[in-house]
Amino acid sequence: DQDFGIVDGFTTRKRRPGDLVDTKRVVPHDDVHLAQIRDQALDGRLVQFIVHPTGKIYGSELSDYNHPFSMLDTIYEAIPSMRKIPFGRQVEIGLVAGREEWPTRMHRRAQETDRDDIRKRLAEGVRSVTWMLDQGRDFIFVANRDARQQDAAREVIGLVRGHRDPNRSNRSVAEGLLKAI
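Sequence order as written defines residue numbering, which begins from 1 separately in each chain. Selection of residues for local features in this predicted model requires a pLDDT of at least 70, selection of side-chain atom pairs for listing and counting requires 80 or more, and totals for whole chains, interfaces and linings are taken over all residues. Hydrogens and water are ignored here; the side-chain numbers use all heavy atoms of the structure.

### So, the packing of aromatic side chains
Planes of paired rings set the category: under 30 degrees apart is stacked, over 60 is edge-to-face and the rest tilted, where pairs are Phe, Tyr or Trp rings (Trp by its six-membered ring) whose centres lie within 6.5 Å. For the structure shown, the criterion picks out five aromatic pairs. Consider the rings of Tyr65 and Phe87, whose centres lie 5.4 Å apart with planes at 40 degrees: the pair is tilted. Of this pair, Tyr65 sits in the loop between strand S5 (57-60) and strand S6 (69-71) while Phe87 sits in the loop between helix H2 (79-83) and strand S7 (93-96); the two residues are 22 residues apart in sequence, bridging distant segments of the chain. Aromatic pair Tyr76 and Trp131: ring centres 6.2 Å apart, planes at 35 degrees, arrangement tilted. Placement of Tyr76 in the loop between S6 and H2 and of Trp131 in helix H4 (residues 115-134) is noted, with a sequence separation of 55 residues between them. In this structure, Tyr76 and Trp131 share a single accessibility class: buried. Through a chain of ring-to-ring contacts, three or more aromatic side chains come together here, namely Tyr76, Trp131, Phe139 and Phe141. Only DSSP runs of H or I reaching four residues or more are called helices, and only runs of E reaching two or more are called strands; each is numbered from the N terminus. Partly exposed describes any residue whose relative accessible area lies between the buried limit of under 20% and the exposed limit of over 50%, with all areas from a 1.4 Å probe on protein chains only and scaled to the type maximum.

Below, the structure is given as structure tokens:
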């Protein structure tokens, strides 16, 4: 669906194997670039930015929202400030890995980073899934399973367009993920 697209944005983390080249501009994590990001934030030129628990920065500018339905992947700490942005409409959807996929994904990530980073990511995962579950019974979950990512994409598009109702059983996927973490 051409109306949907990922918010490009930027990050100070290094590109990972398998990252798509056309998403997330990589900005060096050095004093010069961190000062530029700080100045952009203070001048109100960033739509959003967060410091990830790993210490890397993620952010976006208005020009990064270039689709009728721009989708931003973020962590739960960014949601309250995102709610204040006057978009035409916002739909909060929690994409959650299945309990079975989680160890494989973490193993892949462990090959790319150090133990401290993994600990921070696990702690962030617990906080994020707990936050989603705390949003109440009406919060929308989509199961993002490795072998069925196209199904997850179709589900998100259907939910946002109002063509389908949330699959309430996906909440149990989130609960299982939290137990696995």
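The rest of the description comes next.
### Some points on the nonpolar core
Among the nonpolar cores identified, the biggest contains 17 residues, and Val96, Val129, Trp131, Met132, Phe141 and Ala174 are the most heavily contacted of them. The set of elements that each furnish at least two residues to this core consists of helix H3 (102-110), H4, strand S8 (140-143) and helix H6 (170-180). Considering every element that reaches this core, the biggest residue donor is H4, with five residues. Every residue pair with non-hydrogen atoms within 4.5 Å of one another is taken to be in contact. Val96 has contacts with Met132, Phe141, Val142, Ala143, Asn144, Asn170, Val173, Ala174 and Leu177, leaving out every residue within four places of it along the chain. Counting eight residues, the second largest nonpolar core, distinct from the first, contains Tyr65, Ile75, Met82 and Ile85. Residues belong to a common nonpolar core when they are buried Ala, Val, Leu, Ile, Met, Phe, Trp, Tyr or Cys residues joined through side-chain atoms within 4.5 Å.

### Structural notes on empty space enclosed by the protein
A cavity here means a set of 1 Å grid points, computed over protein atoms only, where a 1.4 Å probe fits but cannot escape. A pocket is an open set with protein on both sides within 12 Å along at least 5 of 7 lines, and lining residues have an atom within 4 Å of a point. Grid points are joined across faces, edges and corners, and a volume is the space filled by probe spheres set on the points. Scanning the model with the defined rule gives one cavity of 30 Å³ or more in all. For the largest cavity, the calculated volume is near 50 Å³. Taken together, Arg137, Phe139, Ile140, Phe141, Pro166, Asn167, Arg168 and Arg171 make up the lining of the largest cavity. Basically, the charged four are Asp, Glu, Lys and Arg, the nonpolar ten are Ala, Val, Leu, Ile, Met, Phe, Trp, Tyr, Cys and Pro, and anything else, Gly included, counts as polar. Looking at the lining of the largest cavity residue by residue, the classes come out as four nonpolar, one polar and three charged.

### Description of H3
Listed as buried for H3 are Trp102, Arg105 and Met106. Projection of H3 onto a plane perpendicular to its axis shows the buried side chains occupying an angular sector of 95 degrees, all on one side. Along the arc lie the directions from the helix axis toward the C-beta atoms.

### Things to note about the pattern of salt bridges
Opposite charge on two side chains permits them to pair, given that their charged atoms come into close proximity. When a carboxyl oxygen of Asp or Glu is within 4 Å of a side-chain nitrogen of Lys or Arg, the pair counts as a salt bridge. The full count for this structure, using the stated rule, is 16 salt bridges. Across the salt bridge formed by Glu100 and Arg145, the nearest N and O atoms sit 3.1 Å from each other. One end of the pair, Glu100, is in the loop between S7 and H3; the other, Arg145, is in the loop between S8 and helix H5 (149-161), and 45 residues separate them in sequence. Judged by relative accessible area, Arg145 falls into the partly exposed class, the value being 24%. Within the structure, one salt-bridge network assembled from shared partners comprises Asp1, Asp3 and Arg161.

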